[in-house]
Each structure stands twice: as structure tokens, then as C-alpha cells.
Amino acid sequence: MGQQTALYAKHLEAGAKIVDFGGWDMPIQYKSLIEEHTAVREQAGVFDVSHMTIVDIDGADAERWLRYLLANDVARLKDTGHALYTGMLNENGGVIDDLIVYRMASGFRLVVNCATREKDLAWMQSQQAGFTVTLTERPELAILAVQGPKAIDIVCRIIGQRFSSDDSASVGGLKNFYGVKLDDWFVARTGYTGENGVEIMLPNTEAPAIWDLLLDAGVKPIGLGARDTLRLEAGMNLYGHDMDESISPLSANMAWTIAWEPADRDFIGRRALEAQRQHRDTLPVLTGLVMEERGVLREGLRVECTLSDGTTQDGVITSGTFSPTLKHAIALARIPADAQQCAVDIRGKLVPVRLVKPGFVRHGKKVFS
Amino acid sequence: MSEFPDDLKYAATHEWVRVEEDGSVTIGISDHAQELLGDIVFIELPEEGAVVSAKDEMSVVESVKAASDIYAPISGEVIAVNEDLADAPETMNSSPYTDGWLCRILPSNPSELEELLDADTYAGMCE
């Protein structure tokens, strides 16, 4: 038996199929992955993501330290509650983890992946010399992601009952990548689905009752299976699949998360990235693949790429699935930057695929052409 | 819980077989198999007229999660294919033992039926 979140009994009550996920007993699906996926695209769904690790960073040097630790620049977060997405890199520029950092009234809050918790914490602790910072894990908090076109309205109604109508209005007025603290809750306009929605960090003790209120309001419980198809349709990376410590953010569609300016900010991995940047056109890229014929693209499949000089070179699918929204296969693949045409090796047969920007569905609609 | 109808025979690779009155056999995948696969989105159907040997791959079922081979539980000629599955592969999830059948085979060696499992043995294997 693995670790269980505060909502484990609620998952069983909802008929979940439970699997081990990074040492946690988590719901992979309830009834049907496709029904859950569609509920998030068309209505609203709730994900228990309490297995993810919350770390609060405080101390006199919290900001100076995070500006050194992370490739994106927390100095860009001017307002309390503002958030950004970033990689945490090693000296070679490889991605140790990807995470979201929020500026809190004092200090910062990081949310990192569950499977990387131990190495992340060990790395952070090893990089503290010369900085006055404290790291506090928050295992007493649950995380509920409520996502979908109806998610924010429903959450606002519940916030109105639990807190006040003013608090409800402040959640309703949140801009993307902003959050607000309400007592010991933190509610942020972030997510991993490509839909509008919020992520709510709240005490474990309150989570089951809020889960029930959400389900009573028509929000569907969503398992990790649909979480994966939703994030892949949204073109979002999954750590350990689309990137890891051997992969540069420049080859993982994460160049936009690197804050090169100000040029005198020294962050871990900067020197390696600057060297890579000099010969950027030789680095592989993470791109989107679309296959409209029958069949499903899967992680690990070989992608045969034809380059502009007519030679071929292999790439690989890093995440692939059947897109429940588009009704055909989609994938992320790491391929040579110069690839002109690609075909995927499916059981020995080369099937041509289309190259598109990573990102297939946003707000329920197809986004590539 | 998965269902294991008593009147069917099963292969260890999760196919079921029903012997029809005319001596042909109908084939599909078990309730347990469809549950493991989850939502089925494509099925590569066998071809009518194809001659298959027991334990050979005869079809591929793709769910959102995984691709899985279907093996011929018995040797013979494919005499009918459930073409409805091409447009509605999810039928294999919703009614694996009736509308979600895969194909019918005219066995060339009916004694192979003896090697298949009865419902209790197969159910025990799936626990």
C-alpha cells in the first residue's frame, strides 16, 4: 500500500480504479477516461493532485536564492499571488524538474512534481550555501484542480458559502497565473488542461467536504488517465517523459521559460544554456505530431525524419495518445530541428505524420491548422 | 467485477469463444480484457476469408492507454467480421460478449477447443 491523500476514501466512493503513482495510491480513472476527458472540455472536472509537493520558501534571501535556483526569474513577479512556470536546471542545463512558483505575501510557494520530490528537495538543500532561506513542506495541504468552462463559476459559489461574497468575487476576478490567499486556503488560476479553472490548496481536513460540494454541483471526478490526455492536447510537458535531466529546456519547448534578461543574473545552468544557444539550429526540438489515420501514436515510437538535404535522421515520440477531443492520434516528439517531413514507425509500418506547434486543443477547440 | 459467462470457453490471452449450432465459433475479448484496456478507440479487424492458426496474432485493439494484440484462439477460416466495430469500437467495451464480438471462424481442427479454459478456470486466472 502506498501513501494516500486526504481524498482516498472519496476516490473509492466514486468508483475509482486505483494505481501506484510515484508511491501514492491514486485514481487512474473512475468509469471512463473519455467521459472524464470530455467533462473537463465541456463542463467541469475535479482532480485530486494532493500527491504533488508544496514547498514554501521564506527568509531574507528567498527572492535572491530563487533567482539563482530557477531558470525563469521570480523578480518578474511584481504582485502577491502572481505565478510563473519554470524549469529547475542542473549545471549542464538539464531539467531537474518543472514547477510553478507563486509570490506570497512573504516569501514564495513552489509546487513540484511528486515523483521528483526527494531529488528536488536534496538539490534545493545542496544549493543553499550563502543564502538565508528556509524550506517548509506543506503535507497538511491538499490540492484540488477544478478545470473546465464551468469550473470557476462553481468554485466561486462554494467560496461564497465557505468565505464571503467578497472572496468569491476576488477568485472570480483572478487573471491567469494569479492566485489569492483566503485564510489557510490558496486559490490560483492555474491548471494543466488548457481550460479555464483553478487549483485550490486547502487543509487536508477540509478537502473531503469541499470535494463533496463540488460533486454535488455537477463537477465530475477526473483520474490521472484523463489528466494525461488533457495536458497532452494542451501541448504541456510531462516531466520524465518530455524532458528530464539529460534534456535542455531548449529541446523541450521550454525556451520561453528561460529569463535571459537581465544578463547579469547568474542562475544554475545559465552558462551551459548560453553555449547551447550559440549552435541552436543543431539542437533537437520538441514538436507536435498529428496523425489523422487510424491508429495511436505512443511514447517511445521511432520517428523517421527527412532533412532538407534529403538524408534521414531518427527522432522519438516522448508522449503520445489518442485525442478524445479531436478523435485522432497526437503526440509530442523530439526530432532534428531541420526535419522537413516525418513518418512514425508503427509496428514496422512507416505512417506519415504532420508536424505542428505543440498545442492541439485550447478551450475545447482545435488550435492547429 | 468482471463477468465470465459459463457457456463460453476462454484463451489465457483473454479471448472468448462460443461454439455455434452450425459448428462455427464466434470470438471476442473478455470483459476482464476490455476493463484492463479501458476506452477502445481503434480495432484492426481481421479480414474475411483469412486463414488463421491458433495463437497467431489476428487483430490489434488500441485503447487510449495501450495497443493490444488479439490472438486466434483456434485455427480456421474467418467467415464473418463484425464490421460495426470499425465505426463503433467502444461496443467492445460496453458489450464484450454480445454486440462487441470480433469475428466468426470455421474451425479446421475442432479438437483445439479442448485446450481452451472453462469460465471458472479463466476467472481464477484473472484474479
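Predicted model, so just to flag it, every value in this text is computed and none were measured.

Parameters at a glance
- Residues numbered from 1 in each chain as written.
- Chains lettered and ligands numbered in written order.
- Predicted model: local features only at pLDDT ≥ 70, side-chain atom pairs only at ≥ 80, totals over all residues.
- Heavy atoms only, no water.
- Helix = DSSP H or I, 4+ residues; strand = E, 2+ residues; numbered from the N terminus.
- Rg over C-alpha atoms; globule rule 2.2 N^0.38 Å.
- Buried < 20%, exposed > 50% of the residue type's maximum accessible area, 1.4 Å probe, protein only.
- Contact = heavy atoms within 4.5 Å.
- Areas by Shrake-Rupley, 256 points an atom, 1.4 Å probe, with all protein chains shown as cover.
- Buried area = accessible area lost by both parts, 1.4 Å probe.
- Salt bridge = Lys/Arg side-chain N within 4 Å of Asp/Glu carboxyl O.
- Polar contact = N/O pair within 3.5 Å; in protein donor to acceptor, adjacent residues only side chain to side chain.
- Nonpolar A, V, L, I, M, F, W, Y, C, P; charged D, E, K, R; others polar.
- Axes fitted to C-alpha atoms, helices over the stretch in contact; angles between N-to-C directions.
- Parallel < 35°, antiparallel > 145°, perpendicular 65-115°, else oblique.
- Left-handed = near helix turned anticlockwise from the far one by under 90°.
- Pairing = 2+ DSSP bridges.
- Patch = residues over 30% accessible without salt bridge, like charges linked within 9 Å, V, L, I, M, F, W, Y side chains within 5 Å.
- Lys, Arg positive; Asp, Glu negative; His and termini not counted.
- Charge placed at Lys NZ, Arg CZ, Asp CG, Glu CD.
- Domains from an automatic or database assignment.
- Phe/Tyr/Trp six-rings, centres within 6.5 Å; stacked < 30°, edge-to-face > 60°.
- Lys NZ or Arg CZ within 6 Å of the ring centre and 35° of its normal.

Here the focus is the overall build of chain B. Of the regular secondary structure elements, chain B holds four helices and nine strands. Of the regular secondary structure in chain B, the N- to C-terminal order runs β-β-β-α-β-β-β-β-β-α-α-β-α. For chain B, whose C-alpha radius of gyration is 13 Å, the value lies close to the compact-globule estimate of 14 Å for 127 residues. Taken along its principal axes, the extent of the C-alpha atoms in chain B is 35 × 35 × 25 Å. Relative to its full complement of 127 residues, chain B shows a buried share of 51%. Taking contacts inside chain B between residues at least 6 apart in sequence as the whole, the part at least 24 apart equals 62%. Summed over its atoms, the accessible surface of chain B is roughly 6100 Å², and 46% of this surface lies on carbon and sulfur atoms.

Before going further, it helps to examine the interface of chain A and chain B. If you look at the interface, chain A gives 14 residues, while chain B gives 14 residues. Buried surface at the junction of chain A and chain B, both sides included, amounts to about 1300 Å², of which 48% is carbon and sulfur. The three residues of chain A that bury the most area against chain B are Arg294, Arg298 and Arg347 of chain A, which together make up 44% of that side's buried surface. Here chain A and chain B share three salt bridges between them. One salt bridge connects Glu44 of chain B with Arg347 of chain A, and the closest N-O pair in it is separated by 3.6 Å. Across the chain A-chain B interface, the total number found is 11 residue pairs in polar contact (both at pLDDT 80 or more). Contributions of two or more residues to the side of chain A that touches chain B are made by helix H2 (33–42) and strand E16 (312–323) of chain A. Across the side of chain A that touches chain B, the residue classes break down as four nonpolar, five polar and five charged.

Moving on, we come to the packing of H2 of chain A against helix H8 (residues 224–233) of chain A. All names here are of chain A. Where H2 meets H8, the axes come as close as 8 Å, and the angle between the chain directions of the two elements is 50°. In terms of orientation, H2 lies oblique with respect to H8. H8 is crossed by H2, and the crossing has right-handed handedness. Contacts between H2 and H8 involve Leu33, Glu36, His37, Val40 and Arg41 on the former and, on the latter, Gly225, Ala226, Thr229, Leu230 and Glu233. A breakdown of the residues in the contact of H2 with H8 according to their chemical character gives four nonpolar, three polar and three charged.

It is worth spelling out the sheet that holds strand E11 (residues 185–188) of chain A at this point. Residue and element names in this part refer to chain A. Read across the open sheet, the six strands follow the order E10-E11-E12-E9-E3-E13; overall the sheet is mixed. Only two strands of the sheet have a single neighbouring strand rather than two, namely strand E10 (179–182) and strand E13 (220–221). Taken together, the three bridges between E11 and strand E12 (residues 197–203) define a ladder with antiparallel strand orientation. Its bridge partner being in E12, Ala188 is matched across the sheet by Glu199. Against the sheet, helix H7 (residues 207–216) engages strand E3 (45–48), strand E9 (141–147), E11, E12 and E13, with an angle of about 15° to E9.

A word on the sheet that holds strand E7 (residues 67–71) of chain B. All names here are of chain B. Spatial ordering of the open sheet is given by E4-E6-E7, a layout of three strands whose pairing is antiparallel. Of all strands in the sheet, those with a lone pairing partner are strand E4 (40–44) and E7, marking the two edges. Going across the sheet, the axis of each strand differs from the next one's by a mean of 25°, ignoring polarity. The pairing of E4 with strand E6 (residues 57–63) spans four bridges and is classified as antiparallel. Bridging across to E6, Glu44 finds its partner in Val60.

A cluster of acidic side chains, namely Glu48, Glu77, Glu83, Asp84, Asp87 and Asp99 of chain B, defines a negative patch on the protein surface. Positionally, Glu77 of chain B belongs in strand E8 (residues 76–81).

The next subject is the domain arrangement of chain A. Quite often, the size of an interface is put as the accessible area lost when its parts meet. All names here are of chain A. Per the domain assignment, the segments of chain A are domain 1 (1–283) and domain 2 (285–369). At the interface, 23 residues of domain 1 touch 23 residues of domain 2. In this assembly, domain 1 packs against domain 2 so that about 1900 Å² is buried in total across both faces, 54% of it on carbon and sulfur atoms. If you sort the residues of domain 1 by the area they bury against domain 2, Leu232, Glu233 and Asp242 come out on top, with a joint share of 31%. Broken down by secondary-structure element, the contributors of at least two residues to the side of domain 1 that touches domain 2 are H2 and H8. If you tally residues by element for the side of domain 1 that touches domain 2, the top one is H8, at four residues. Its residues assigned to classes, the side of domain 1 that touches domain 2 comprises eight nonpolar, nine polar and six charged.

All chains considered together, the criterion is met by nine aromatic pairs over all chains. Plain terms: the ring middles of Tyr68 of chain A and Phe131 of chain A are 5.7 Å apart, the flat faces sit at 20° to each other, and that makes the pair stacked. Pair noted here: Tyr68 of chain A is in helix H3 (residues 62–69) and Phe131 of chain A is in the loop between helix H4 (117–126) and strand E8 (134–137), with a separation of 63 residues, a long-range link. Residues Tyr102 of chain A and Phe186 of chain A carry aromatic rings whose centres are separated by 5.1 Å and whose planes lie at 75° to one another, so their mutual orientation is edge-to-face. Of the two residues, Tyr102 of chain A is situated in strand E6 (residues 95–103) and Phe186 of chain A in strand E11; the sequence distance between them amounts to 84 residues. Taking relative accessible area as the criterion, Tyr102 of chain A reaches 1% and is therefore assigned buried. Accessibility expressed as a relative area gives 2% for Phe186 of chain A, which makes it buried. Joined through ring pairs, the aromatic side chains of Phe4, Tyr10 and Tyr122 of chain B make up one cluster. In this arrangement the basic side chain of Arg162 of chain A is found over the ring face of Phe163 of chain A, its NZ or CZ atom lying 4.3 Å from the centre. Over the face of the ring belonging to Trp260 of chain A we find Arg277 of chain A, whose NZ or CZ atom lies 3.8 Å from the ring centre.

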